[in-house]
Amino acid sequence: MSKILNQTFTLANGVKIPKIGLGTWLIDDDKVAATVHEAINLGYRHIDTAEAYGNERGVGEGVRTCAVAREEIFVTTKLRAEIKDYETAVAAIDESLQKLGLSYIDLMIIHSPQPWTDFREGEHFFEGNIAAWRALEAAYKAGKLRAIGVSNFECIDIENITANCEIKPMVNQVLSHIGNTPFELIDYCQKAGILIEAYSPVAHGAILQNAQVADIAKGYGVSVARLCVRYCIELGLLALPKTANAAHMRENADVDFEISPADMKILKQIAPVENYGEASVFPVFGGKLHKDGRLEAKNFKK
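Residues numbered from 1 in each chain as written. Predicted model: local features only at pLDDT ≥ 70, side-chain atom pairs only at ≥ 80, totals over all residues. Heavy atoms only, no water.

Right, let's talk about the layout of surface pockets for a bit. Taking a probe equal in size to a water molecule and rolling it over the atoms shows the remaining empty space. In this structure, the largest pocket occupies an estimated 820 Å³ of space. Around the largest pocket, the lining is made up of 34 residues, and of these Trp25, Ser200, His204, Pro241 and Lys242 lie nearest the centre. Among the residues forming the lining of the largest pocket, the class breakdown is 15 nonpolar, 13 polar and 6 charged. For the second largest pocket, the calculated volume is near 200 Å³. Counted by class, the lining of the second largest pocket contains 4 nonpolar, 3 polar and 6 charged residues. (1 Å grid on protein atoms, 1.4 Å probe; cavity = no way out; pocket = protein on both sides within 12 Å on 5 of 7 lines; lining within 4 Å. Points joined across faces, edges and corners; volume = space filled by probe spheres on them. Nonpolar A, V, L, I, M, F, W, Y, C, P; charged D, E, K, R; others polar.)

Turning our attention to the UniProt feature "binding site: substrate" (unreviewed entry) in the chain. Cross-referencing UniProt, the feature "binding site: substrate" (unreviewed entry) maps to His111 in the present numbering. Considering the arrangement of structural elements, one finds His111 in the loop between strand 6 (107-110) and helix 4 (126-141). Dropping the residues within four chain positions of it, His111 is found in contact with Ala50, Ala52, Tyr53, Lys78, Leu79, Arg80, Ala81, Trp116, Ser151 and Asn152. (UniProt positions renumbered as here; feature names shortened; annotations may be inferred. Helix = DSSP H or I, 4+ residues; strand = E, 2+ residues; numbered from the N terminus. Contact = heavy atoms within 4.5 Å.)

Moving on to unusual backbone geometry. Of note, the phi angle at Arg120 is positive, near 55 degrees, even though the residue is not glycine. Structurally, the position occupied by Arg120 is in the loop between strand 6 and helix 4. Look at Ser200: it is not a glycine, yet its phi comes out positive at around 55 degrees. Ser200 gets classed as buried once you look at its relative accessible area, which sits at 12%. (Buried < 20%, exposed > 50% of the residue type's maximum accessible area, 1.4 Å probe, protein only.)

Moving on, we get to the sheet that holds strand 5 (residues 74-79). Pairing in this open sheet of 8 strands is parallel, and the strands run 3-4-5-6-7-8-9-10 from one edge to the other. The outermost strands of the open sheet, each flanked by one partner alone, are strand 3 (22-23) and strand 10 (238-240). Direction of pairing for strand 6 relative to strand 7 (residues 148-151): parallel, over a ladder of 3 bridges. The residue bridging Ile110 from the neighbouring strand is Val150, located in strand 7. (Pairing = 2+ DSSP bridges.)

Attention shifts here to the UniProt feature "domain: NADP-dependent oxidoreductase" (unreviewed entry) in the chain. In this structure's numbering, the residues bearing the UniProt feature "domain: NADP-dependent oxidoreductase" (unreviewed entry) are residues 19-270. For residues 19-270, the helix share is 43%, the strand share is 13%, and the end-to-end C-alpha distance is 24 Å.

Right under this line is the structure:
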């Protein structure tokens, strides 16, 4: 078993969270329980899902029926990006608990500061995010959630929460990988005691064909994927690679090596990924859904 699977970060409230987790986006609800079992059997102890993924029921089934005690598994889910009022958020939190079939959720986060159809369009939905956050605070105080956080939040969105609410976000889950690393946001959050979780650390596969990155990976005798996950760990980020493939799960966690400072400097300056393929469009990175059902897609770049 890879050592990284036994290592944790400590959140601002003292809760320990595994340094690497399994993302479950695009894994069907009727298949994800088997994926969760596979991951846990390999040593993973952190499973990440979301209301919007439509697979909370299956993830919960996998957690409940695996051979590892519930308290040893860290489960994350996310409040739908469209929810920007208190009552709907309260109901959604309870709905997630019911779908998962769990008595508590280890971490619940607001999926995005904007609804996906308005993602990065200029409006920050400050009041709506305050309302949704206060619902998370209430559930946290009630013991339904062990930790609370946000996702895709920029500095101004976090400042809105910290200035108007009681509890500071404990994590911010953001797109971060070689070729797209939000250094200013990472620095801001780390100074504030907010853990950055890096989703899509392998850039949805888009970085795998980068010859410069492949050359550096070869120097360590590792795959590009392993180098990408380790890159996030070296930056003090929690890595959340997504896969349903057992071999890839094993590979993504096999990162017990160190990247030299010289190579880290090079990797930090790799040319930005310009196209994520099918993952470039709504609802992953944004896009405008018109009333006639037509989707105006756009690439999302930091």
